[in-house]
Amino acid sequence: MKTISRSLCDLLGRDYIAAVCEAQSLLTGADSGELLALADEPVDFFPEALQHRLDGLLGKVGTHVVRGLPGSTNGAPTAAFGGAQHQEMAPLSGLGFIRIGEDGRAYFIGKSEHYHASLGHLFPGYRLIETAKTLGICNATHNNTRGYITRMAERELVRVANGLERDDPDGLEGILCSTEPHVLNRVLNLETGSLAVEAALKMMLNRFFRLDATCAAPTYAGRIPVFLVLADHAGGKTANYHGTTVLTQVLRGMWPEFADSLERNGQYLVRSVAINDIAHFEELVEDYDRGPYKVAGFLHELVLMNYGAIKLTPEFVGQTHTLCSARDIPVLVDEIQSCMWSPELFLFREYTCMPDFVSAGKGFPGGEYAGSRILTTAAMDSLNQFGALVTNGQEELASLAYLIIIEFA
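Conventions used here
Residues numbered from 1 in each chain as written. Predicted model: local features only at pLDDT ≥ 70, side-chain atom pairs only at ≥ 80, totals over all residues. Heavy atoms only, no water. Axes fitted to C-alpha atoms, helices over the stretch in contact; angles between N-to-C directions. Helix = DSSP H or I, 4+ residues; strand = E, 2+ residues; numbered from the N terminus. Left-handed = near helix turned anticlockwise from the far one by under 90°. Contact = heavy atoms within 4.5 Å. Nonpolar A, V, L, I, M, F, W, Y, C, P; charged D, E, K, R; others polar. Pairing = 2+ DSSP bridges. Buried < 20%, exposed > 50% of the residue type's maximum accessible area, 1.4 Å probe, protein only. Arc of directions from axis to C-beta. Salt bridge = Lys/Arg side-chain N within 4 Å of Asp/Glu carboxyl O.

Viewed as axis vectors pointing N to C, helix α6 (residues 127-134) and helix α14 (residues 396-408) meet at an angle of 145°, and their least axial separation amounts to 10 Å. Pair α6 / α14 crosses with right-handed handedness. In this structure, α6 uses Leu128, Ile129, Ala132 and Lys133 to contact α14, whose residues at the interface are Leu397, Leu400, Ala401 and Ile404. Residues of the contact of α6 with α14, tallied by class, amount to seven nonpolar, no polar and one charged.

Now the structure itself:
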């Protein structure tokens, strides 16, 4: 694989790094020149020697390579987590795509890391995170004091989502100022994919119910919101997966009595669309985008990762998004599991797509942090700060992990 070398100055800019070094020097007495020299040191993101080492370890997959950890603790799990536990596979250590389990065997990383550790364990490029810590760059910050790195990462995500080159700052400024439909130019920094998708769901609901007393009258006040998701082969809702909050679990057919109560009382309906069936989608829109009802949103993955990895067709995605645009139906493309695995970094860019929300997570922070993001448009940017507040959403080092992954990819 092709490797690259970058320093912290390369990624974050000399002006910012110089300011950081000056501040750290004041706080600790460290020499600012030495700190700056450290920030100038390039790091090889994926050295050739490491690539050869990993290739050599492949032959050991499935075999016992170390003594392991006999007599390990069971912890104190809930019944469900305890029943699902495979303690023998729990990691003692890992490097790249190889993990050593507690049973002493070598494993090729799969289900446990396949979305999260997009660049494998102990990715050398993340040495830049350790350098950032040495320079005194804080990870924790407040929602009202989003750090420089987080603000950089926001702009970089907008650039990537809109397919702009790095040498087009004017184009990026134009995108950031746009109020046109379907232009993704707002970023909410959250902590998990569930919260990212829920933030989008709340913005959709805010067009039917007020978030709080400070909000204006909703556009569709008095109408019943209907959410469209992808169906399983039996016509049910188990094919879609958009997180673990209660309302997103209702989308998946969980909490059935609660869902029935919501529907009976005209609060919240969910209808499932047959996979890649544009005629069925059109039928549902015709039924539920008139009278007392209004289609509040269409939420979908591009690859149904929790349902057989079924891929949506470009024709289905393009036609559904076009119809949604014409009927003022917001679309969420859930890329928590697919982001970073496309040459475009966002898989939706390979489709004829017009989303109003795109979620990002897992692959972008590369398994180092739980940082997720929701990208949206000016028109859908309707929540006040407490409407989507997450205590640790603005972590600076999580944002740095995003920048490192994007640079390497």
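Moving on from the coordinates now.
For the rest of this paragraph, the subject is the sheet that holds strand β9 (residues 293-300). Spatial ordering of the open sheet is given by β6-β14-β13-β12-β9-β7-β8, a layout of seven strands whose pairing is mixed. Of all the strands in the sheet, just β6 (186-190) and β8 (269-273) have a single pairing partner and so form its edges. When strand polarity is set aside, the average angle formed by the axes of neighbouring strands in this sheet is 20°. Strand direction decides the pairing type here: strand β12 (residues 331-334) and strand β13 (residues 357-360), joined by three bridges, are parallel. Note on β13: the bridge partner recorded for Val333 is Val358. Where helix α9 (residues 193-205) meets the sheet, it contacts β6, β7 (224-230), β9, β12, β13 and β14 (372-376), and its direction lies at approximately 30° from that of β14.

We now examine helix α4 (residues 48-57). Among the residues of α4, those classed as buried are Leu50, Gln51, Leu54 and Leu57. Along α4, the residues classed as buried sweep out an arc of 125° about the axis, all on the same side. In α4, the exposed residues that point more than 90 degrees away from the buried face are Glu48, Ala49, His52 and Gly56.

A sheet is described by the order of its strands in space; here three strands give the open sequence β3-β4-β5, paired in antiparallel fashion. Looking at which strands have only one partner, the edges of the open sheet turn out to be β3 (91-95) and β5 (106-108). Shown here is a sheet whose adjacent strand axes are inclined to one another by a mean of 30°, direction ignored.

Side-chain alternation along strand β4 (residues 98-101) places Ile98 and Ile100 on one buried face and Arg99 and Gly101 on a second face that is also buried. Here four bridges tie β3 to β4, and the two strands are oriented antiparallel to one another. Its bridge partner lying in β4, Ser93 is registered against Ile100. Counting the residues in the hairpin turn of β3 and β4 gives two residues, including Gly96, whose phi is positive at 55°. The turn joining β4 and β5, which pair antiparallel and follow one another in sequence, is formed by four residues; a positive phi near 85° is taken by Gly104.

A full pass over the atoms with the stated rule returns 16 salt bridges. Salt-bridge contacts for Glu173 lead to Arg155; the nearest nitrogen and oxygen are separated by 2.6 Å. With Glu173 in helix α8 (residues 169-177) and Arg155 in helix α7 (residues 148-161), this residue pair connects regions lying 18 residues apart in the sequence. We classify Glu173 as partly exposed; its relative accessible area is 34%.

This brings us to the pairing of β12. Both faces of β12 are covered, namely the face carrying Val331 and Val333 and the face carrying Leu332 and Asp334. Pairing between β9 and β12: three bridges, direction parallel. Counted as the bridge partner of Leu299 is Leu332 from β12.

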